Amino acid sequence: DTGVSQNPRHKITKRGQNVTFRCDPISEHNRLYWYRQTLGQGPEFLTYFQNEAQLEKSRLLSDRFSAERPKGSFSTLEIQRTEQGDSAMYLCASSQQGLETQYFGPGTRLLVL
Amino acid sequence: AQSVTQPDIHITVSEGASLELRCNYSYGATPYLFWYVQSPGQGLQLLLKYFSGDTLVQGIKGFEAEFKRSQSSFNLRKPSVHWSDAAEYFCAVGARAAGNKLTFGGGTRVLVKP
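Quick summary incoming for the structure in this document.

Conventions adopted
- Residues numbered from 1 in each chain as written.
- Chains lettered and ligands numbered in written order.
- Predicted model: local features only at pLDDT ≥ 70, side-chain atom pairs only at ≥ 80, totals over all residues.
- Heavy atoms only, no water.
- Contact = heavy atoms within 4.5 Å.
- Buried area = accessible area lost by both parts, 1.4 Å probe.
- Salt bridge = Lys/Arg side-chain N within 4 Å of Asp/Glu carboxyl O.
- Helix = DSSP H or I, 4+ residues; strand = E, 2+ residues; numbered from the N terminus.
- Buried < 20%, exposed > 50% of the residue type's maximum accessible area, 1.4 Å probe, protein only.

### Topic: the interface of chain A and chain B
Okay, step 1: With 24 residues of chain A at the interface, the matching set in chain B holds 21 residues.
Okay, step 2: Taken together, both faces of the contact between chain A and chain B bury some 1,600 Å²; the carbon and sulfur share is 50%.
Okay, step 3: Linking chain A with chain B are one salt bridge, by the criterion used here.
Okay, step 4: The partner of Lys101(B) in a salt bridge is Glu56(A), and the shortest N-O contact between them spans 2.5 Å.

In structure tokens:
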């Protein structure tokens, strides 16, 4: 069990650029979650997948955000036309359906200049 | 809708003293409750969880938490704090009906004095 991994760990971009983050869950976990955490706040739910199906999206996930999990394994989160307000830590977590405990990756810290 | 309140933004405690972090939640059904710890710039590590059964749950690093349904609380405790416990602590509530997505409190930052 290698845990949840996320890449890159840090990303600095200019406003208006597109960025993509990757999350690799724990191998036997079929659920994958994305959260966003701004400075001094708790994480906020963005979206989650069960296998390859995206089952729920938060209202926080504007149309500039898209997430995929094409083969039910790793997931990507893309932000198009980044804005300074997108600067945050993006956290990924995974769990096994029925076991309910989510395990988090180290996060990707995004800074939009 | 689920919500979680952590009333204390910062707590300072002396090394070796006891620690209690407060958490109150709002949810219509029986929730799943979690405490996570986050060191600066890092992801979240699970300390303990409550799903059902015994209302006093033990976790890693000597932490425990007690679920009190009547008070909608799930407070975290540690009898004797170590300097390495300095971190931010998050309480979270999840529910099977909501796909187990977690709702987090705002966190409590713990500072440990030598």
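### Brief notes about the environment of Asp63(A)
All names here are of chain A.
Okay, step 1: Tracing the chain through its elements places Asp-63 in the loop between strand S6 (53-57) and strand S7 (65-68).
Okay, step 2: Given the relative accessible area of 68%, Asp-63 is considered exposed.
Okay, step 3: Distance in space between the C-alpha atoms of Asp-63 and Gln-17 is 15 Å, their sequence separation being 46 residues.

### Quick look at the pattern of salt bridges
Okay, step 1: Throughout the structure, instances matching the rule amount to nine salt bridges over all chains.
Okay, step 2: The salt bridge involving Glu66(B) is made with Arg77(B); its shortest N-O contact spans 3.5 Å. Of this pair, Glu66(B) sits in strand S8 (residues 64-68) while Arg77(B) sits in strand S9 (residues 73-78); the two residues are 11 residues apart in sequence, bridging distant segments of the chain.
Okay, step 3: Residue classification places Glu66(B) among the partly exposed positions, given a relative accessible area of 23%.
Okay, step 4: Salt bridges sharing common partners tie together Arg64(A), Glu83(A) and Asp86(A).

Just distances and angles here, no functional claims.
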